[in-house]
Amino acid sequence: MLTFEPTGTHLGATVRGLDLSKPLDAATIGEILRGIGKYQLLRFPDQKLDPAQHRDFAAQFGHPPAIRGRLAIFTAPGVAEINILSNIVVDGQPTGATDAGVIWHTDMVHNPTPGFANALYALKVPRRDGKRLGGTEFYNLRAAYVDLPADIKEKLKDAYGVYTGENYTSIERTPFPEYGTNSHKAHKKEPVRHPILMTHPISGEKVLYCDPGHVDYIDGVPPGERDALLKFVLAHIMQPKFHYVYDWTEGDLMMWDNLSTVHHAVLDFGPDEHRLIWRCQIEGDKVFDPAFLARTVDAVRATA
Ligand code: OGA
Ligand code: MN
């Protein structure tokens with residue numbers, strides 16, 4: 001039986017009773033989606049997955065894109081959708097990407113249909129003096145929306161975040177050194193616009209969808225207020241009350257909602273403290289398709 005144990009904070013639940021290496025039926029997919037709609041981040045402990053099983057799990061919730069560009073060398077053999085995040089060096093050669101999550105961001109914001117989720121699977125977790133390192137930290141964009149002052153909600157009601165691919169900035173809104181000068185990154189995407197007050201496709205609730213690392217500006221507000229509103233929105237999101245740190249355990253498959261959270265890697269471990277995580281992204285094609293939700297989430301609601 002599937003059970004959800006909430007963390008007791010504003011984000012996250014642990015899901016037990018599932019072996020993710022096997023295909024899920026529509027009702028179980030619906031329950032998981034409902035869980036994501038409610039808790040935004042789901043931890044499935046004690047999983048045993050190979051890269052193809054990891055990819056196939058993710059594909060049940062949306063298209064898992066193949067990893068392209070400079071990270072394509074860090075994929076699982078024969079499974080181009082599984083990106084290896086690792087600081088392990090063998091014979092002087094890196095075995096994985098070390099710069100995922102160095103800025104606060106959400107994944108796949110540059111897609112015309114914004115990306116839905118990430119599913120990460122932990123194989124090695126760094127520890128020092130028994131304490132786990134290398135967590136992933138989040139801000140909760142749903143809670144941030146609820147807490148927005150009414151006059152700001154009004155100002156943002158027809159506003160869009162514009163994403164051109166030109167900006168890769170840090171929390172302080174200054175270019176992150178490594179990306180600021182990286183022409184490979186600049187202009188890499190077609191510009192897209194997403195509503196700042198986005199309705200979440202699963203929960204139907206509003207979220208304050210704004211990616212601190214990638215947003216260029218806010219459109220749909222008086223031009224004189226653009227900069228001040230963007231500053232306000234980002235400072236509002238990044239408040240301690242919306243913050244949450246996820247500490248990994250080996251065997252965790254953790255799926256987070258990219259639509260209602262932003263994330264960042266906690267870079268508190270050294271080169272000899274090994275972290276190995278497989279990563280699979282999940283696009284928004286399925287969750288923004290009402291027919292898919294009808295077959296899964298709504299079917300569960302009908303019997304709940
Ligand atoms: C990602 C990412 C952060 C981390 O996988 O998209 O940003 O903690 N990862 O590894
Ligand atoms: Mn990311």
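Everything below is about the structure shown above.
Residues numbered from 1 in each chain as written. Chains lettered and ligands numbered in written order. Predicted model: local features only at pLDDT ≥ 70, side-chain atom pairs only at ≥ 80, totals over all residues. Heavy atoms only, no water.

### Considerations on the nonpolar core
So, step 1. Counting 68 residues, the largest nonpolar core has Phe44, Phe61, Phe116, Leu156, Leu208, Ile237 and Met255 as its most contacted members.
So, step 2. Among the domains, domain 1 (3-134 + 245-303) and domain 2 (139-237) are the pair contributing at least three residues each to this core.
So, step 3. With residues near it in sequence (within four places) discarded, isoleucine 237 still touches Tyr139, Leu141, Ala144, Leu208, Cys210, Phe242 and Val262.
So, step 4. If you look at the next biggest cluster of nonpolar residues, it comprises 17 residues, including Ala122, Val125, Trp256 and Ile277. (Core = buried A, V, L, I, M, F, W, Y, C linked by side-chain atoms within 4.5 Å. Buried < 20%, exposed > 50% of the residue type's maximum accessible area, 1.4 Å probe, protein only. Domains from an automatic or database assignment. Contact = heavy atoms within 4.5 Å.)

### Overview of the site of ligand 1
So, step 1. Neighbouring ligand 1 are 14 residues, the closest being Asp107, Thr136, His263, Arg275 and Arg279.
So, step 2. One nitrogen or oxygen atom from the main chain of glycine 101 is found 3.4 Å from an oxygen atom belonging to ligand 1.
So, step 3. In this structure, aspartate 107 approaches ligand 1 through a side-chain N or O atom, which is 2.9 Å from an oxygen atom.
So, step 4. For ligand 1, whose free accessible area comes to 290 Å², the fraction covered by protein is 99%.
So, step 5. At the level of secondary structure, the elements contributing two or more residues to the shell around ligand 1 comprise strand 8 (117-124) and strand 19 (261-265).
So, step 6. In terms of residue class, the shell around ligand 1 is built from five nonpolar, six polar and three charged. (Near = heavy atom within 4 Å. Polar contact = N/O pair within 3.5 Å; in protein donor to acceptor, adjacent residues only side chain to side chain. Areas by Shrake-Rupley, 256 points an atom, 1.4 Å probe, with all protein chains shown as cover. Helix = DSSP H or I, 4+ residues; strand = E, 2+ residues; numbered from the N terminus. Nonpolar A, V, L, I, M, F, W, Y, C, P; charged D, E, K, R; others polar.)

### With respect to the sheet that holds strand 20 (residues 276-282)
So, step 1. With mixed pairing, eight strands are arranged side by side in an open sheet as 1-2-3-18-8-20-5-4. With partners counted over all chains shown, the strands left at the sheet margins are strand 1 (3-6) and strand 4 (75-76), one partner each.
So, step 2. Pairing between strand 1 and strand 2 (residues 13-16): four bridges, direction antiparallel. Bridged to phenylalanine 4 within strand 2 is valine 15.
So, step 3. Sitting on the sheet, helix 1 (residues 26-39) touches strand 1, strand 2, strand 3 (41-44) and strand 18 (253-257), and the angle it makes with strand 3 is about 130°. (Pairing = 2+ DSSP bridges. Axes fitted to C-alpha atoms, helices over the stretch in contact; angles between N-to-C directions.)

Scope: geometric values only; no functional claims are made or implied.
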